[in-house]
Amino acid sequence: MTIPAETLAMAARAMYEATMRPFLHIQSGHPVGDPWEQLTEQHQSSYLWKARKAIESETFADYYAWMTLPERLLGADSAFEAERGCPPAAGEDTERTRGHRAEYHLVQHLLRVDDGALLAGSAA
């Protein structure tokens, strides 16, 4: 699937601005998180990757499988797993799955605005 660059950038920025920044604010009790324009290229690229996976995934379970793949590949005996525990299943209701679910559904919603004009690259 070819995703127009501006669509991917818009989805990545929306994902960051609508999920991570509010989450950081709620956790700390005061405004935190840099505006999108001040993020490093590496940080922005991580959101571009997440947005691409959210666009390409047919279901939340597919998206969540991508988001947790590195942890699952490390295995149950890894130091990372010992410290953080197994990632919850996609169907569980945890803070972590709710965050990923918000990311996925936000991007899916944006793609459906104006009957898919964003994916076609014809949004005004």
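Residues numbered from 1 in each chain as written. Predicted model: local features only at pLDDT ≥ 70, side-chain atom pairs only at ≥ 80, totals over all residues. Heavy atoms only, no water.

Take the side chain of Gln 108 next. Residue position: Gln 108 is located in helix α5 (residues 95–112). A residue is classified by how much of its surface remains accessible, and Gln 108, at 10% relative accessible area, is buried. Apart from residues lying up to four places away in sequence, Gln 108 is in contact with Ala 54, Ile 55 and Ser 57. (Helix = DSSP H or I, 4+ residues; strand = E, 2+ residues; numbered from the N terminus. Buried < 20%, exposed > 50% of the residue type's maximum accessible area, 1.4 Å probe, protein only. Contact = heavy atoms within 4.5 Å.)

It is worth spelling out the packing of helix α1 (residues 5–28) against α5 at this point. Packing of α1 against α5 brings their axes to within 10 Å, and their N-to-C directions diverge by 145°. The interaxial crossing formed by α1 with α5 has right-handed handedness. Every residue of α5 that contacts α1 at Thr 7, Met 10, Ala 11, Ala 14, Met 15, Ala 18, Thr 19, Phe 23 and Gln 27 is listed here: Glu 95, Ala 102, Glu 103, Leu 106, Val 107, Leu 110 and Leu 111. Among the residues forming the contact of α1 with α5, the class breakdown is eleven nonpolar, three polar and two charged. (Axes fitted to C-alpha atoms, helices over the stretch in contact; angles between N-to-C directions. Left-handed = near helix turned anticlockwise from the far one by under 90°. Nonpolar A, V, L, I, M, F, W, Y, C, P; charged D, E, K, R; others polar.)

Here we come to α1. It helps to recall that an α-helix has 3.6 residues per turn; residues three or four apart then point in one direction. Between its first and last C-alpha atoms α1 spans 33 Å; for 24 residues at 1.5 Å apiece the expected length is 34 Å, and the two agree. Along α1, the helix axis deviates most sharply at Tyr 16, where the bend reaches about 25°. For α1, the complete set of buried residues consists of Thr 7, Leu 8, Ala 11, Ala 12, Met 15, Tyr 16 and Thr 19. Phi for Gly 29, located one or two positions after α1, is positive at around 85°. (Expected span 1.5 Å × (residues − 1). Bend = angle between axes of the 7 residues up to and from the residue.)

Let us now look at the nonpolar core. Counting 20 residues, the largest nonpolar core has Met 15, Ile 55, Tyr 63 and Val 107 as its most contacted members. Of all elements in the fold, only α1, α2 (41–56), α3 (60–74) and α5 reach the threshold of two or more residues within this core. (Core = buried A, V, L, I, M, F, W, Y, C linked by side-chain atoms within 4.5 Å.)

In this section: the layout of surface pockets. Put simply, the largest pocket is a space of about 300 Å³. Around the largest pocket, the lining residues are Ala 18, Thr 19, Met 20, Pro 22, Phe 23, Lys 50, Glu 95, Arg 96, Gly 99, His 100, Ala 102 and Glu 103. When residues in the lining of the largest pocket are grouped by element, the largest group, six residues, is from α5. Grouping the constituent residues of the lining of the largest pocket by class yields five nonpolar, three polar and four charged. (1 Å grid on protein atoms, 1.4 Å probe; cavity = no way out; pocket = protein on both sides within 12 Å on 5 of 7 lines; lining within 4 Å. Points joined across faces, edges and corners; volume = space filled by probe spheres on them.)

Turning our eyes to something else, we now look at the environment of Glu 81. Checked against the element boundaries, Glu 81 lands in helix α4 (residues 79–84). Considering only alpha carbons, one finds Glu 81 and Glu 71, ten residues apart in sequence, at a separation of 7.2 Å. Residues contacting Glu 81, with those up to four places away along its chain left out, are Glu 71, Gly 75, Ala 76, Cys 86 and Pro 87.

Summed over all chains, the structure comprises six salt bridges. Of the charged contacts, one joins Lys 53 and Glu 56 as a salt bridge, the two residues approaching to 3.6 Å between their closest N and O atoms. In this pair, Lys 53 and Glu 56 both sit in helix α2, three residues apart, roughly one turn of the helix. With relative accessibility at 12%, the residue Lys 53 sits in the buried group. In this structure Glu 56 comes out as partly exposed when scored by relative accessible area, which is 34%. A salt bridge links Arg 98 to Asp 93; its shortest N-O distance comes to 2.9 Å. The exposed category is assigned to Asp 93, whose relative accessible area is 59%. Through salt bridges with shared partners, a single ionic network connects Arg 52, Lys 53 and Glu 56. (Salt bridge = Lys/Arg side-chain N within 4 Å of Asp/Glu carboxyl O.)

Interpretation in functional terms is not warranted from these geometric data alone.
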